[in-house]
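# Report on the structure
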Amino acid sequence: MQKNSYRVVGMMSGTSLDGLDICMVQFIEENGKWKYEIKQAETLSYSEAWIQRLKNAEKTSGEVLQNFHRAYGTYLGECVKSFLQKNNFEKPLFIASHGHTIFHQPEIGYTFQAGSGAHLQEACGIPVICDFRSLDVSLGGQGAPLVPIGDALLFGEYDNCLNLGGIANVSFDEKGVRKAYDICAVNYVFNRLSNRLNKEFDKGGEFAKSGNFIPEIFEKLNGLAYFNKLPPKSIGREWIEESIFPLLPQTFKTEDLLRTFSEHVALQISKTIQGEGKTLVTGGGALNSYLISILKLKCKSEIILPNEETINFKEALIFAFLGLLRCQNKINTLKSVTGAREDSSGGVIFN
């Protein structure tokens, strides 16, 4: 019996800007099967200064953006160092960092996740793997979603893996081939609308629940061309800003917009997950009980919420796993998901 064990740190910062997810994971490979255990995980809230820098990065000059990229990488390294010291952890094998997406336009051939791997490595003194998306984009792929191979190898008992982060994405097997794509915006929009009410987010979907449905906005949202495109396809911040927010004007009551957008999200997800079976739901949106209640009504599939640790840290966990596959020169990005010319092992290594 062959058994290998690896301890890795995964880091993830999503488009919703709700903080930096960081987790220490123990991976065990036994006879070709993978298991994992999250040893410790936490979300580090961004200061207001970092939130503003992350929000405004795409509007800056090239020089300012490069300086931000460097500074954010150093900040990530300092966060890792503090996390390890606080929990009395020995150095892991490496750090797998997703970074924070500033630009994602694969249709014209580029994607950019801030957080310089060189500066991250310098700040914490541990090997770093980052920039997981660029290789796939260079091969003609969408560079997203990247989690499906982790879904297949770590959560294969579920028929669908649905992540409700800043953007919703789904992963599933179709005739033995892994398929996945971005469905629609979720927390990126919910959080921005909640900001109009001077709240960081709509806890439990309570504001949405209190609102009234706006049919004309619902129809416009569902009429966007993206929802008629066939996969592979992915959503970037740019598309949300250009296509979604103009349909959610401040002339309407914010609670009504939250209610209507919740119905839109639930409809798009139910159109995607049409079969029965079991659907694992993770990401911050899984804690939106109002949204989950609508999904349970609209979907035939059984909606399963795991423990809160898995809900909150599944993406950071899987990026740690993608880094491990990269270290082993194994495929971690699937052409069946991204539409690239070939499967690849993405990620740049800084020793």
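Throughout what follows, the structure given in this document is the object of discussion. All figures in this text were calculated on a predicted structure; none of them were measured in a lab.

Procedures and definitions
Residues numbered from 1 in each chain as written. Predicted model: local features only at pLDDT ≥ 70, side-chain atom pairs only at ≥ 80, totals over all residues. Heavy atoms only, no water. Helix = DSSP H or I, 4+ residues; strand = E, 2+ residues; numbered from the N terminus. Rg over C-alpha atoms; globule rule 2.2 N^0.38 Å. Buried < 20%, exposed > 50% of the residue type's maximum accessible area, 1.4 Å probe, protein only. Contact = heavy atoms within 4.5 Å. Areas by Shrake-Rupley, 256 points an atom, 1.4 Å probe, with all protein chains shown as cover. Lys, Arg positive; Asp, Glu negative; His and termini not counted. Charge placed at Lys NZ, Arg CZ, Asp CG, Glu CD. Phe/Tyr/Trp six-rings, centres within 6.5 Å; stacked < 30°, edge-to-face > 60°. Lys NZ or Arg CZ within 6 Å of the ring centre and 35° of its normal. Pairing = 2+ DSSP bridges.

### As for the overall build of the protein
A tally of helices and strands in the protein yields 13 helices and 12 strands. Relative to a compact globule of 351 residues, whose C-alpha radius of gyration would be 20 Å, the protein shows 19 Å and is just as compact. Based on the C-alpha atoms only, the size of the protein along its principal axes is roughly 55 × 45 × 40 Å. The burial tally for the protein puts 58% of its 351 residues in the buried class. Contacts in the protein between residues far apart in sequence, at least 24 positions, make up 70% of those at least 6 positions apart. Carbon and sulfur atoms form 48% of the exposed surface of the protein, whose accessible area is close to 15300 Å². In the protein, which carries 37 positive and 39 negative side-chain charges, the distance between the mean positions of the two groups comes to 1 Å.

### What to know about helix H9 (residues 237-244)
Because an α-helix packs 3.6 residues into every turn, residues spaced three or four apart end up facing the same way. Considered for burial, the residues of H9 that qualify are Arg237, Glu238, Ile240, Ser243 and Ile244. If you follow the buried residues of H9, they end up packed against strand S4 (95-105), strand S8 (167-174), strand S9 (177-185), helix H6 (187-195), helix H8 (215-222) and helix H10 (254-272).

### Structural notes on the packing of aromatic side chains
Considering all chains together, one arrives at 20 aromatic pairs under this definition. Taking 5.2 Å as the distance between ring centres and 80° as the angle between the ring planes, the aromatic pair formed by Trp34 and Phe321 counts as edge-to-face. Of this pair, Trp34 sits in strand S3 (residues 33-44) while Phe321 sits in helix H12 (residues 308-327), placing them 287 residues apart in sequence. No difference in accessibility class separates Trp34 from Phe321, as the two residues are buried. Cluster of aromatic residues (ring-pair linked, three or more members): Tyr46, Trp50, Phe68, Tyr72 and Tyr75. When the ring centre of Trp50 is taken as origin, the NZ or CZ atom of Arg53, which lies over that ring, is 4.9 Å away. Just above the ring of Phe155 sits the side chain of Lys314; from NZ or CZ to the centre is 5.5 Å.

### Looking at the pairing of strand S1 (residues 3-13)
Taken together, the 11 bridges between S1 and strand S2 (residues 20-30) define a ladder with antiparallel strand orientation. Counterpart to Val8 in the pairing with S2 is Val25. Where S1 folds back on S2, the antiparallel hairpin that results is connected by 6 residues, among which Leu17 adopts a positive phi of roughly 60°. Judged from the 4 bridges that link them, S1 and S4 form a sheet pairing that is parallel. Note on S4: the bridge partner recorded for Met11 is Ser97.

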